[in-house]
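Reading the structure
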Amino acid sequence: MAIKKKISNPRIDKAGVISKIQDVLERVRDLPTLPIVAQEVQRVIHDSKSSMSDLVKVIERDVALSARILRIANSAFYGVPRKVDNLKMALVIIGMDEVNNLVTTVSIMRLFPDGSMNGSFDVPKFWKHSAICAELSVGLYEGLRQPRPSSTFIASLLHDIGKLLLVQYFNDYFIKCLRLAVKEGLSLAESEVEIMGIDHGHVGSWLTKRWNLPDEINEAIAQHHIRPADSPRFGLATVIDWSDRLYYLMEGYSIEKVIEILQNDPEWISWKSEAGYSTERLIRMLHYRIARSINMISILM
Ligand SMILES: [Fe+2]
Ligand SMILES: [Fe+2]
């Protein structure tokens, strides 16, 4: 998304702010690390030789996580007539992909639990947004009939992680950015660039680089709001950007209204063009995915 408005504040030394942020993040000792279980799940996903038993081994080491996976397999959503009491059966019922995503979500949510943040920041709402955007990105690739990068879910889940860093370590700047966004009618990313010279996407990518996540993920997180004009049309950063926008549209309007808005939005029309499902079918499918995702999150949290 391009920066729409230009307002400049000569009193702010943006280069100074950027190096200050980078400096602080490099020196902070208690920066969260990517949970082992999430790292292991990523390894299993990317290893074509790994099987369901490998995934079971990773999950069963974590008792709380295993209990949650079983709880989901036993939920009304899957309607299994008898009690699911072992992980292997749960994995068959829920599906490998889905379990990978659930494990990644739960383990990353634990990094910043509710109450660990500055009181003004709504952590459960943040994770709901992140988890639904991850679901929307996967659904968008499916509905657009485009090949889906294997990092789609985790990159989308972590797309706004920079906001958490800003709230935790640079709360004064973050609050200034929020205020400017409201006052000037800017997006948060625009006001962040205005005040700090950098947006939360780039801040988040510093953390994921430190976690040694693949460049594909770091780049998508960095560029999910602001990216070069020659970015690939269905690249991960662009898909995450659309997931983010669709999240707010679908949260604010009825499904019929969302379809109507998109069918009249030149940016959506030119991006989606003739790819995959019709807008109506795509949005109805995404709507279903969101409902399912909310159901899962309510069991997980
Ligand atoms: Fe964002
Ligand atoms: Fe977002």
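Sequence positions are assigned chain by chain, starting from 1 and proceeding in written order. Labels follow written order: the first chain is A, the first ligand is 1, and so on. Totals for whole chains, interfaces and linings use every residue, but because this is a predicted model, local features are given only for residues with pLDDT of at least 70 and side-chain atom pairs only at 80 or more, for both listing and counting.

1. Re the domain arrangement of the protein chain
The source of the domain bounds is an automatic or database domain assignment. Domain parsing of the protein chain yields domain 1 (33–111) and domain 2 (118–301). Taking only C-alpha atoms, the centre of domain 1 and the centre of domain 2 are 24 Å apart. Residue pairs qualify as contacts under a 7 Å threshold applied to their C-beta atoms, which are placed from the backbone. With 17 residues of domain 1 in contact, the opposing surface of domain 2 contributes 13 residues. Comment: elements are numbered from the N terminus, with helices defined as DSSP H or I runs of at least four residues and strands as E runs of at least two. Within the residue set of the side of domain 1 that touches domain 2, elements represented by two or more residues are α2 (36–46), α4 (63–73) and α6 (96–109). Per-element tally for the side of domain 1 that touches domain 2: the top contributor is α6, with 7 residues.

2. Topic: the nonpolar core
With 69 residues, the main nonpolar core has Ile-69 and Ala-155 as its most contacted residues. Per-element accounting of this core gives the leading share, 9 residues, to helix α7 (residues 123–144). When residues of this core are assigned to domains, at least three fall in each of domain 1 (33–111) and domain 2 (118–301). Other than its neighbours up to four places away in sequence, Ala-155 contacts Ile-217, Ala-220, Ile-221, Leu-236 and Ile-240. Only buried residues count toward a nonpolar core: Ala, Val, Leu, Ile, Met, Phe, Trp, Tyr and Cys, linked into one set through C-beta atoms within 7 Å. Neighbour counting defines burial: a residue surrounded by 20 or more other C-beta atoms within 10 Å of its own C-beta is buried, one with 12 or fewer is exposed, and intermediate counts give partly exposed, using backbone-placed C-beta atoms.

3. Notes on the packing of helix α3 (residues 52–60) against helix α5 (residues 87–94)
Axis separation between α3 and α5 bottoms out at 10 Å; the angle between their running directions is 120 degrees. Classified by the angle between their axes, α3 and α5 sit oblique to one another. When the axes of α3 and α5 are compared, the crossing they make is right-handed. Contact residues: Met-52, Leu-55, Val-56, Ile-59 and Glu-60 in α3; Leu-87, Lys-88 and Leu-91 in α5. Of the residues contributing to the contact of α3 with α5, the split by class is 6 nonpolar, no polar and 2 charged. In this description, a line fitted to the C-alpha atoms serves as the axis of each element, helices being fitted only across the stretch in contact, and the angle between N-to-C directions of two axes falls anywhere from 0 to 180 degrees. These descriptions rest on fixed angle ranges, namely under 35 degrees for roughly parallel, over 145 for roughly antiparallel, 65 to 115 for roughly perpendicular, and the rest for oblique. Should the near helix be turned anticlockwise from the far one by less than a right angle, the crossing is termed left-handed; should it be turned clockwise, right-handed. Classes in brief: Ala, Val, Leu, Ile, Met, Phe, Trp, Tyr, Cys and Pro nonpolar; Asp, Glu, Lys and Arg charged; the others, Gly included, polar.

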